[in-house]
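# Reading the structure
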Amino acid sequence: MILSPAERSYLYDSLSQKPPIRPGARSDHQFRPLEAKTSFLPNSNGSARIRLNDGSECMISVKSKVVVTKSVTNLIDVDIDVAGFRDDSNFVSNLKYNLTSLLITNFPSQYLKLTSKYSFKLFIDCIVISHSSYPLSLISLATYLALKTTRLPLLVSEVNDEEIEEQPTFSDDWDNAKYLDEAFEPPIFITLGVIGTNLLFDPSIEEEQVLENGLIVSFYKDNVITPISNINLATNSNNSNFKGLNQKLIIESINLCNKYCPAIIKALNTLTEQDDEGDDDHIF
Amino acid sequence: MDRRRLLGPLNTIIPNIGISSNPNDIKPDTTIDNDEVSANQIQNFFLKTGIIENANGSAYLEVGNSIIEVSVFGPRPIRGSFVDRASFSVECKFLPYITQPGEQIYNTTNQFNNGNSNTNANGRTGLTTIEQRISAYVETALLPSIILEKYPKSTFDIFITIISTEEGVNNNDEDDDNSAPNEQLLRLTNWIVNCSSVALVDASVELKDIVTSGIVKTTSDGKVIFDPRSQGNEEEEQEEGSVIGVASFMNLRNDELVGIWIERQGAINVGDTEMNNILDGCNEMSKKIRANINTYLANSLE
Amino acid sequence: MDVTEVINITKPSRSRGYEDEDDDSDIEMLGNNHNDGEFTNNNSSIVTPGELITEDPIWMKGHGTYFIEDKTYSSVAGNVSRVNRLLSVIPIRGRYQPETGDHIVGRITEVGNKRWKVDIGAKQDAVLMLGSVNLPGGILRRKSETDELQMRNFLKEGDLLNAEVQTIFNNGIASLHTRSLKYGKLRNGMFLKVPSSLIIKSKNHAFDLPGNISCVLGVNGYIWLYKTNLNNQNNNTTNINIHNNGASPAITRLEEESSWEIYSDKNDSNITNAIRSNITRYYNIIKALSFCELGITEPRIIMGYESSLSYMNVGSLIDKDSMETICQEIINNEKMRG
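Residues numbered from 1 in each chain as written. Chains lettered and ligands numbered in written order. Predicted model: local features only at pLDDT ≥ 70, side-chain atom pairs only at ≥ 80, totals over all residues. Heavy atoms only, no water.

## Things to note about the pairing of strand 10 (residues 115-119) of chain C
All names here are of chain C. Stated precisely, the cut-off is as follows: Classification of residues uses two cut-offs on accessible area relative to the type maximum, computed with a 1.4 Å probe and protein chains only: under 20% is buried, over 50% is exposed, and between them is partly exposed. Helix and strand definitions here come from DSSP, where helices need a minimum of 4 consecutive H or I residues and strands a minimum of 2 consecutive E residues; each element is numbered from the N-terminal end. Between any two strands, pairing holds if DSSP finds at least two bridges.
Burial of strand 10 is one-sided: the residues Trp116 and Val118 facing one way are buried, the residues Arg115, Lys117 and Asp119 facing the other way are not. Where strand 9 (residues 103-111) lies against strand 10, 4 bridges are found, and the strand directions are antiparallel. Looking across to strand 10, one finds that Ile108 is bridged to Val118. Turn length for the strand 9-strand 10 hairpin, with the two strands adjacent in sequence and antiparallel, is 3 residues, and the turn residue Lys114 shows positive phi of about 60 degrees. Of the pairings in the sheet, the one linking strand 10 to strand 11 (residues 126-129) comprises 4 bridges and is antiparallel in character. Paired with Val118 across the strands is Ala126, a residue of strand 11.

Quick look at the structure:
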């Protein structure tokens, strides 16, 4: 997206105020409203769909497979497909790297362990149907919802199969399928925009054009964790405001995330509980 | 005279083969001390510029067992639509025989590419996921330093080639923690940024400042290690947890932070103290490297 | 700390139907009032492609129709419109279709040979000829060779301007002009886009709103909200020149027209935070109107503004519920005022 110099300088001046005056009048820690739905793909163990008001939309599917634990390097496989981008483009590749890195470092593999020899391997597929701003945060929130509502078949054979040769067997009744873990809260990514000494949560595409820098921070189990990195959010355009940031801002971003991310987790959990109760057919 | 062999004409000259072409004679550099004092010093590195003739600028860096070469092409004209500032791209490639850090996890292969993670479904080769990640970091870090407005309708291209890396940490045992390759990856990225900045200077591109980078590891007991090298006592640190961060700065412009990438191993929280330690440590290392680069550049101009 | 202060995640639901189901036809009635009674018969039945509309050969066949011998069929899905002797079908959904005289907002996409290409949200970019703009001093117009670079000093890629559609070429491309002080480069404000079908064509598309804000509602759905320019008040058609910051009064309109100021990229230095907040308030109102698919008109925007004043936190207007509430209030207000 391209802005005129007058628009840029107006937006930049507005966002540099204390407190920042954002186009939608959001506060500096306010996300845009989201619509989400889970468990609607009949052939997947878990699924989620999340949508923003401007039409940005992302869908996640989680499927599983029983594998011999020793024969695989990692138990989670992530694939991302963004409409309009090649799969080998830098944009998609980095989204995939970030999400893989986040989940691999912060996923307790005991949730997937079946027996001493076998485990479940999860295949997380993500489609970004349409996006305006940088979609990493959207993808990670949808992944949270999908993983939280993923149900895996119940194991009925022996857990300790050191001596046994047979493969694990599962209950045929899908109602017996259980969630990964009741207390499990998957990690998420938060995108922050840096402008002057202001930090903005969830920058929109117009804001991204005038930001001085962007930060990606991860959050898990009520704490900020790694990976943490910075990024030029205005992909596909020449952002002339891009510059370095002050070390103190990084510390401040961690504090802000520690303060506000629990609310995000809570909102996500509330949605999964609501989805549990009613099973209306709307996914639109 | 050996009648069984075909000898060349009378005035043949036999070339000088290297001192030892026996691979068994080449041993990795084990002069890195293991004791505390020198473990906290930055490794010695070798730097040379201007080695690639047809590039506008180039730099070659050797540190430990890592060898990195960077070529800069630009400013090159862009035909077509008018842009009022230069565009800038970075491409990082490992030579084919090198195992990329974290390869097993990130460079996935699928049914289309015959086990070669570079090839996509069309049979074309591109960058692997790890190469893309490094390219993104270098681009983000160097972008604020180039005065792009002075080069309208042009483009700069940076090509990074990794010729050799440290011996990787093998991850065949099934521990929960698959993130040990992070340390090697971040360390490599650190030196790549330093080398790329020097290549830009060699190309006479107008820069606001030279970007230098530092890498630091903090352990759960508060130790801060500069330029961490894998010492073989990985397991201890992994259980307790350590945070590794690479941060790049424009030190002469008020230590403006242009790139940051933090990963961790093991279970450790990333709080204010760890972040401050890492950022301060990286800043200090970055300044030292900058001093070294300045000396090199001053000497090379004489 | 309230969770909704940070984020609001809801389940998807159909937007509630309004008590008044005739909203869409409301829009057409308003359209009628503004076009001085040209309508004879306004049968707005919906037809689909291929449906036979009439067998009467006397009708002229307009857009959205095709004919085989005497029979006229619809070629799009939309409302049938009969105006005097012209029979056409207006599609329900579709890109903006430029018409002569439309006041639009556009963004420069290309600088070409003696012309600019402008994105107006139509099927094709419009053109703005070099001869259709006011040039400072008129110098360049006398020169026969005009550099691309010199054109860029006035309007370059990305610039926003408001203009009027002068003509439409045979291939459907609109040609614009900015030969009036009320047209030209836009500054001191913010841009937003709404579907073009929500903008009703009227005599005036630029007006002043309470709170020192002015607005340009392009017929193409591109909208510009900005700080009111004291010299050039839209609703005030007198030519009295007001002192500007204590400097000597602007001399004549001719001089104003040919000054370099009209192509400046610099915003005013005195845009206060209050004005910025008001602009975001109007931004959210218009977004709410667009979300609930109500036609966007000046009275509705002002009504929305007044309803929104009861919300302490302007940022809470972005939630779905708040948007629907505001729109319901606007409709109720309209009904009360008759």
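## Considerations on the side chain of Gln100 of chain B
Applicable threshold: The definition of a polar contact used here is a pair of N or O atoms within 3.5 Å, where within protein one atom must be able to donate a hydrogen and the other to accept one, and adjacent residues in sequence count solely through side-chain atom pairs.
As for its placement among the helices and strands, Gln100 of chain B is situated in the loop between strand 4 (87-94) and helix 2 (103-106). Side chain to side chain, Gln100 of chain B and Glu131 of chain B meet in a polar contact 3.3 Å long.

## Points about the packing of aromatic side chains
Which entries qualify depends on this criterion: Pairing of aromatic side chains requires ring centres within 6.5 Å, counting the rings of Phe and Tyr and the six-membered ring of Trp. Pairs whose planes differ by under 30 degrees are stacked, by over 60 edge-to-face, and all others tilted. In this scheme, Lys NZ or Arg CZ marks a charge over a ring once it lies within 6 Å of the ring centre and within 35 degrees of the ring normal.
Counted under the stated rule, the structure contains 19 aromatic pairs over all chains. The interplanar angle of 90 degrees and the centroid separation of 5.4 Å between the aromatic rings of Phe191 of chain C and Tyr222 of chain C together place this pair among those described as edge-to-face. Residue Phe191 of chain C is found in strand 15 (residues 189-193), and its partner Tyr222 of chain C is found in strand 18 (residues 222-227); the two are separated by 31 residues along the sequence. Exposure class is identical for Phe191 of chain C and Tyr222 of chain C. Each is buried. Each member of the aromatic cluster is reached from another via a ring pair, and the members are Tyr97 of chain A together with Tyr106, Tyr137 and Trp261 of chain B. Taking the ring centre of Trp261 of chain B as reference, the NZ or CZ of Arg133 of chain B above it sits at 4.1 Å. Sitting over the ring of Phe67 of chain C, Lys61 of chain C keeps its end group 5.4 Å from the ring centre.

## Concerning the packing of helix 3 (residues 129-142) of chain B against helix 4 (residues 181-202) of chain B
Residues and elements named next belong to chain B. Applied cut-off: Each axis is a line fitted through C-alpha atoms, and for a helix only the stretch in contact is used; angles between axes span 0 to 180 degrees, taken between their N-to-C directions. Here the angle decides the label: under 35 degrees means roughly parallel, over 145 means roughly antiparallel, 65 to 115 means roughly perpendicular, and every other value means oblique. Each helix crossing is assigned a hand: it is left-handed if the near helix lies turned anticlockwise from the far helix by less than a right angle, otherwise right-handed if that turn is clockwise. Any pair of residues with heavy atoms lying within 4.5 Å of one another is described as a contacting pair. Gly is put with the polar residues, along with every residue not named as nonpolar or charged; the nonpolar set is Ala, Val, Leu, Ile, Met, Phe, Trp, Tyr, Cys and Pro, and the charged set is Asp, Glu, Lys and Arg.
It is at 10 Å that the axes of helix 3 and helix 4 come closest, and there the two elements cross at 50 degrees. Between helix 3 and helix 4, the crossing angle belongs to the class labelled oblique. Considering how the two elements wind past one another, helix 3 and helix 4 form a crossing that is right-handed. Contacts from Ile130, Ile134, Tyr137, Val138 and Leu142 of helix 3 reach helix 4 at Leu185, Thr189, Ile192, Val193, Ser196, Ser197 and Leu200. Of the residues contributing to the contact of helix 3 with helix 4, the split by class is 9 nonpolar, 3 polar and no charged.

## A word on the pairing of strand 6 (residues 211-219) of chain B
Residues and elements named next belong to chain B. Among the 9 residues that make up strand 6, 9 are buried, leaving the element largely enclosed by the rest of the structure. Of the two faces of strand 6, both are covered, the one formed by Val211, Ser213, Ile215, Lys217 and Thr219 as well as the one formed by Thr212, Gly214, Val216 and Thr218. In the sheet, strand 6 pairs with strand 7 (residues 224-226) via 3 bridges, with the strands oriented antiparallel. Its bridge partner lying in strand 7, Val216 is registered against Phe226. With antiparallel pairing between neighbouring strands as the criterion, strand 6 and strand 7 make up a hairpin whose turn holds 4 residues, including Gly222 at a positive phi of roughly 90 degrees.

## Observations regarding the interface of chain C and chain A
To be explicit about the condition: Here the quantity called buried area is the total loss of accessible area, with a 1.4 Å probe, experienced by two parts when brought into contact, counted for both. Salt bridges are identified by distance alone: a Lys or Arg side-chain nitrogen within 4 Å of an Asp or Glu carboxyl oxygen.
Listed as interface residues are 43 residues of chain C and, on the opposing side, 44 residues of chain A. Between chain C and chain A, the buried area comes to about 3700 Å², and carbon and sulfur atoms account for 59% of it. Inspection of the region where chain C meets chain A yields 2 salt bridges. For the pair chain C and chain A, the interface holds 17 residue pairs in polar contact (both at pLDDT 80 or more). Contributions of two or more residues to the side of chain C that touches chain A are made by helix 1 (3-6), strand 1 (9-10), strand 15, helix 6 (273-291) and helix 8 (320-337) of chain C. The element that contributes the greatest number of residues to the side of chain C that touches chain A is helix 6 of chain C, accounting for 8 residues. Tallied by class, residues from the side of chain C that touches chain A come to 18 nonpolar, 13 polar and 12 charged. Looking at chain direction, strand 1 (residues 34-38) of chain A and strand 1 of chain C are connected through 2 bridges and run parallel. Note that in strand 1 of chain C the partner of Leu34 of chain A across the bridge is Ile9 of chain C.

## Quick word on unusual backbone geometry
Residue Lys18 of chain A is joined to Pro19 of chain A through a cis peptide bond whose omega torsion reads 0 degrees. Along the chain, Pro19 of chain A turns up in the loop between helix 1 (5-16) and strand 1. Residues Thr226 of chain A and Pro227 of chain A are joined by a peptide bond in cis, for which omega reads 5 degrees. For Pro227 of chain A, the location among the structural elements is in strand 11 (residues 223-231). Positive phi values are uncommon outside glycine, yet Asp202 of chain A reaches one of about 45 degrees. Note that Asp202 of chain A resides in the loop between strand 9 (198-201) and helix 4 (205-210). Relative accessible area serves as the criterion here: at 10%, Asp202 of chain A is assigned to the buried category. Of note in the backbone geometry, Asn212 of chain C takes a positive phi value of approximately 70 degrees without being a glycine. Of note, Asn212 of chain C is situated in the loop between strand 16 (206-209) and strand 17 (213-217).

## Describing the packing of helix 2 (residues 90-105) of chain A against helix 3 of chain B
Remark: helix 2 of chain A packs on helix 3 of chain B, axes separated minimally by 9 Å, with the N-to-C direction vectors making an angle of 100 degrees. As the angle between them shows, helix 2 of chain A and helix 3 of chain B are arranged roughly perpendicular. Contact residues: helix 2 of chain A offers Asn90, Ser93, Asn94, Tyr97 and Asn98 of chain A, while helix 3 of chain B offers Thr129, Gln132, Arg133, Ser135 and Ala136 of chain B. Of the residues in the contact of helix 2 of chain A with helix 3 of chain B, the class split is 2 nonpolar, 7 polar and 1 charged.

## Some words on the nonpolar core
Considering soluble globular proteins, one finds that nonpolar side chains tend to be buried as a cluster. Defined as follows: Buried Ala, Val, Leu, Ile, Met, Phe, Trp, Tyr and Cys residues form a nonpolar core when they are joined through side-chain atoms within 4.5 Å.
In terms of nonpolar packing, the biggest core is built from 159 residues, with Ile264 of chain A, Ile68, Ile160 and Met275 of chain B together with Ile7 of chain C touching the most fellow members. Residue contributions to this core peak at 14 residues, all from helix 5 (residues 247-277) of chain A. If we skip the residues at most four places from it in the chain, Ile68 of chain B touches Ala59, Tyr60, Leu61, Ile160, Thr161, Ile162, Leu188, Trp191, Ile192 and Cys195 of chain B. Val194, Cys215, Tyr305 and Ile330 of chain C belong to the second-largest nonpolar core, a separate cluster that totals 38 residues.

## Side note on the confidence of the model for chain B
Residues and elements named next belong to chain B. Heads up, the rule is: Confidence of the predictor at the level of single residues is captured by pLDDT, which takes values from 0 to 100.
Across chain B, the average pLDDT comes to 82, with 78% of residues at or above 70. Long-range and interchain partners of residues 31-37, a stretch whose pLDDT sits below 50, account for 5 contacts in this model, where long-range means more than four residues apart. Under the prediction, the complex receives an ipTM of 0.92, its pTM being 0.86.

## Things to note about empty space enclosed by the protein
Residues and elements named next belong to chain A. Formally: The distinction between a cavity and a pocket rests on a 1 Å grid over the protein atoms alone: a 1.4 Å probe fits inside a cavity but cannot get out, while a pocket stays open yet meets protein on both sides within 12 Å along at least five of seven lines, and a residue with an atom within 4 Å of a point counts as lining. Grid points are joined across faces, edges and corners, and a volume is the space filled by probe spheres set on the points.
Counted according to the given criterion, the structure contains 5 cavities of 30 Å³ or more. Approximately 120 Å³ is the volume found for the largest cavity. In terms of lining, the largest cavity is formed by 17 residues, of which the most central are Arg32, Ser133, Tyr134, Leu138 and Asp202. Across the lining of the largest cavity, the residue classes break down as 8 nonpolar, 6 polar and 3 charged.

## Here we look at the side chain of His177 of chain C
All names here are of chain C. Relative to the elements of secondary structure, His177 occurs in strand 13 (residues 174-177). Here Glu164 takes part through its side chain, which lies 2.7 Å from a polar atom of the side chain of His177. Within the structure, the side chain of His177 is placed 3.1 Å from the backbone nitrogen of Arg179, a separation counted as a polar contact. Once residues within four sequence positions are removed from consideration, His177 is found in contact with Leu128, Ser132, Ala163, Glu164, Gln166 and Tyr183.

## A word on the sheet that holds strand 5 (residues 65-68) of chain C
Residues and elements named next belong to chain C. Across the sheet, 3 strands lie side by side as 3-6-5; this open sheet has antiparallel pairing. Edge positions in the sheet fall to strand 3 (52-54) and strand 5, since each has one partner strand and no second. The average undirected angle you get between the axes of adjacent strands in this sheet is 40 degrees. In this structure, strand 5 lies alongside strand 6 (residues 71-74), joined through 4 bridges in antiparallel fashion.

## As for helix 8 of chain C
Owing to its 3.6 residues per turn, the α-helix aligns residues three or four sequence positions apart on the same side. All names here are of chain C. The condition is simple: Here a helix's expected span is defined as the number of its residues, less one, multiplied by 1.5 Å.
Spanning 18 residues, helix 8 covers 26 Å between terminal C-alpha atoms, matching the ideal 26 Å at 1.5 Å per step. Where helix 8 is concerned, the buried positions are Lys320, Ser322, Met323, Glu324, Ile326, Cys327, Gln328, Ile330, Ile331 and Asn333. Looking one or two residues past helix 8, Gly338 carries a phi angle of roughly 85 degrees, positive in sign.

## Observations regarding the sheet that holds strand 2 (residues 57-63) of chain B
Sheet strands associate in pairs through backbone hydrogen bonding, adopting either a parallel or an antiparallel arrangement. All names here are of chain B. One open sheet holds the 5 strands; their spatial order is 1-2-3-5-4, and the pairing between them is mixed. Of all strands in the sheet, those bounded by a partner on one side alone are strand 1 (45-49) and strand 4. Each strand axis lies, on average, 15 degrees off the axis of its neighbour in the sheet, ignoring direction. Of the strand pairs in this sheet, strand 3 (residues 66-77) and strand 5 (residues 154-164) are connected by 9 bridges, and their pairing is antiparallel. Along strand 5, the bridge assignment pairs Val70 with Ile160. Strands in contact with helix 3 are strand 4 and strand 5; relative to strand 4, the strand with the most contacts, it is inclined by about 145 degrees.

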